[in-house]
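What follows is each chain in one-letter form.
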Amino acid sequence: MPEYKGVLTTEDRLWAGSFDHISIKVVGTDGESKRKTLPHFLSYPDSDFEIEVDRSIGKLVLIELQKSSGILLPQDSWYPAKVELKSPEGKTFYFPIHRWITDDEVHQFREATACLVVDDTDPLAIHSRTEELKLRKEQYCWNIYLAGLPQCMKIDNVHTLPDEVRFSFTKEVEFGFTNLQGLIELKLDGLADCKEQWTSIDDIGKVFRHKQTALSEYVQQNWMKDSLFGYQFLNGVNPMVIRRCSVLPENFPVTDQMVFLDGGKSLAEEMQNGNIFLCDYKLLDGLKANEVNGKQQYLMAPLVLLHKTPKKDQLMPIAIQLKQEPSKDNPIFFPTDSEYDWLLAKMFVRSADFQVHQLNSHLLRTHLLAEVFSVSILRNLPMVHPLYKLLVPNTRYTLQINFLARELLISDGGFFNKFTASGGEPMQKILQKANSSITYTSLCVRDDIKERGLESVPHYYYRDDAFQIWDIINRFVQGVLGYYYKDDSDVQRDTELQTWVLEIFEHGFLSRPESGMPQRLNTVAELVKFITMVIFTCSAQHGAVNNGQFDYGSWMPNTPATLQRPPPTTKGTSDLSSLLETLPDVNATVHGMAIMYLLSKPSSDFVPFGHYPEEYFSEIVPRQQMHLFKGELGLLNSKIEARNLGLKIPYTFLDPALMENSVAI
């Protein structure tokens, strides 16, 4: 009798094996096998088996796997990786799985060859494809967390998440996502409930001892310097606010008589030469800040003017206005003002930047958008679709990490509401206002940098590395998708792709045509750019705004999450005591340090960008493209490491070796 020889591989991870009975059935275009029970393989990553058939069953379409426990025994979870089958004719078929099976239902898995919906002509394959998406749309439902924000997945609690998107056992154990865990690791738990004010900068230094990095120590030593203040707008954790200034805003009345520019030229000349830059935090305008420890906090909406110096090409702040509307009690601060006037002005800017970074650049533009991309993928693209195979690695852990963020960080009792100036109602308004202004071009890094006029700014390592990563992703996507989409008509006829894109527009961008977000894609070029944006957002952009949080934010005076006195309205009245009274209380400080530590700490099952431990593609072309992609990223890693050897402050946040494949933390 004809015989299929198979190998069933269980994933190499903790608790992946099973004591349960496993059965398999093979289905082809011309028939199917009988269901066969396999021997127990708990201790064996690879389990060999044979399946006899009465006659050839044709080209293999799918397999059915079923796990069943014995009588009166509880269900045992199992994580199969793949099945390989060799036909009697000698052809090998691959069936990727890569997911938990926890019940006794029959689960179907398609043969690995990627296939667009228009090319899936076998009735059995079409039925399997349809049923898979029907089930997915029942599992992955949209939910409105807050009106005006991108929608999220409807989840009652973390245990109701489908097993395929849950943390691994390793990640679950390592990542408690609680303030207490971070406080204990930083040895700060004894200060968690201390509502006293800081009495000296040295006292802050005494608790800033554990888990320090070379960069966090540098920040502690140099946080008062204008050079570090300016540098962070380019290469800190929020390089997204700065833009070139060719005309001063009407509400920022800085004149030549007010500022001193290194090089002796006028403000108008330097604007014309492209050497003046603006950071405008109008997103925060009109908000009443939160209360922390029962005390009113203060949140400004500053404007910052910076000058690129002619000798060192450094960005140096030359003027700061802390409120949007000029008035007598809203002075413009300059480096020539008293030490504490100028230092306090910079601290209010850094606090404003914390709010905009965390809520807009980080939470909204990476976490929440990554969830939109992920939910739409899981609802609209079956496993056999090439886009599912390409993109699903970039969704790893995103749904669970976002659920935890909503439950423990931005909930009523979470860190943001308890210890930041933007907690509570201000947070909601900031997110809603920010979401209403997101555009497609702002998510495409080359377009964004051009729009902000920053193409030629020196020492802008975020831009330099982001451009290279964008281009590497773009070539990779073009190489993979060009194999499946031969011309524009293939894009236009792919109804699953079009539904995926439309749901992103409707549920992520709330059907705002002014966002410029595509509602459908018509050409291969449009598809390649869109997929490049999705991958870049879920990996590189998240790395850029996430990975340096502890480096720049653990020294609280550099990045205060809240400030509890209003800024000076008259110059010459500030001193050290007024600065200390403005800083957040001890408990707010240490909770902030703990959160930034947790959010910057990769887990031991971290998957570097461009690594694909789970094999979804079987065709030679996409597998070759993945190999080339990984090689290009390796070369970029070497270039970045070599460049950083000559930098006082190495820029590592977009080093592919240190970036994760997905929004997983």
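Below or above, wherever it landed, is the structure these notes cover. As the structure is a prediction and not an experimental result, all values here were calculated from the model.

### Quick notes on the overall build of the protein
And then number 1: When helices and strands are counted, the protein shows 22 helices and 18 strands.
And then number 2: Taking the principal axes of the C-alpha coordinates as reference, the protein spans close to 95 × 55 × 45 Å.
And then number 3: The proportion of buried residues among the 665 residues of the protein is 58%.
And then number 4: For the protein, the proportion of contacts with a sequence separation of at least 24, taken over those separated by at least 6, is 76%.
And then number 5: Accessible surface, the protein: about 26900 Å² in total, of which carbon and sulfur atoms supply 52%.

### Side note on the sheet that holds strand E12 (residues 243-244)
And then number 1: The 5 strands are arranged E12-E13-E16-E17-E18 in an open sheet whose pairing can be described as antiparallel. With one partner strand each, in any of the chains shown, E12 and strand E18 (332-333) form the two edges of the open sheet.
And then number 2: As defined by bridge partners, E12 adjoins strand E13 (residues 276-280) across 2 bridges and the pair is classed as antiparallel. Paired with Arg243 across the strands is Leu278, a residue of E13.
And then number 3: With respect to the sheet, helix H6 (residues 226-235) is in contact with E13, strand E16 (303-308) and strand E17 (315-321), its orientation differing from that of E17 by roughly 90°.
And then number 4: Of the strands in this sheet, E16, E17 and E18 are in contact with helix H8 (residues 339-380), which crosses E17 at around 90°.

### Quick look at the environment of Gln66
And then number 1: Structurally, Gln66 can be placed in strand E6 (residues 60-68).
And then number 2: Under the relative-accessibility criterion, Gln66 is labelled partly exposed at 24%.
And then number 3: With residues up to four places along the chain from it excluded, the contact list for Gln66 reads His21, Ile22, Ser23, Arg35, Asp104, Glu105 and Val106.
And then number 4: Engagement of the side chain of Gln66 in a polar contact is seen with the backbone oxygen of Asp104, the distance being 2.8 Å.

### Quick look at the pairing of strand E5 (residues 46-52)
And then number 1: A one-sided burial pattern is seen for E5, the buried positions being Ser47, Phe49 and Ile51 and the unburied ones Asp46, Asp48, Glu50 and Glu52.
And then number 2: Pairing between strand E1 (residues 3-10) and E5: 7 bridges, direction antiparallel. Considered in E5, the bridge of Lys5 is made with Glu50.

### Details of the side chain of Ser442
And then number 1: Position of Ser442 among the secondary structure elements: in helix H13 (residues 440-443).
And then number 2: Within the structure, the side chain of Ser442 is placed 2.7 Å from the backbone oxygen of Thr439, a separation counted as a polar contact.
And then number 3: With near-sequence residues (within four places) excluded, Ser442 lies in contact with Arg365 and Asp448.

Reading guide: rules and limits
Residues numbered from 1 in each chain as written. Predicted model: local features only at pLDDT ≥ 70, side-chain atom pairs only at ≥ 80, totals over all residues. Heavy atoms only, no water. Helix = DSSP H or I, 4+ residues; strand = E, 2+ residues; numbered from the N terminus. Buried < 20%, exposed > 50% of the residue type's maximum accessible area, 1.4 Å probe, protein only. Contact = heavy atoms within 4.5 Å. Areas by Shrake-Rupley, 256 points an atom, 1.4 Å probe, with all protein chains shown as cover. Pairing = 2+ DSSP bridges. Axes fitted to C-alpha atoms, helices over the stretch in contact; angles between N-to-C directions. Polar contact = N/O pair within 3.5 Å; in protein donor to acceptor, adjacent residues only side chain to side chain.

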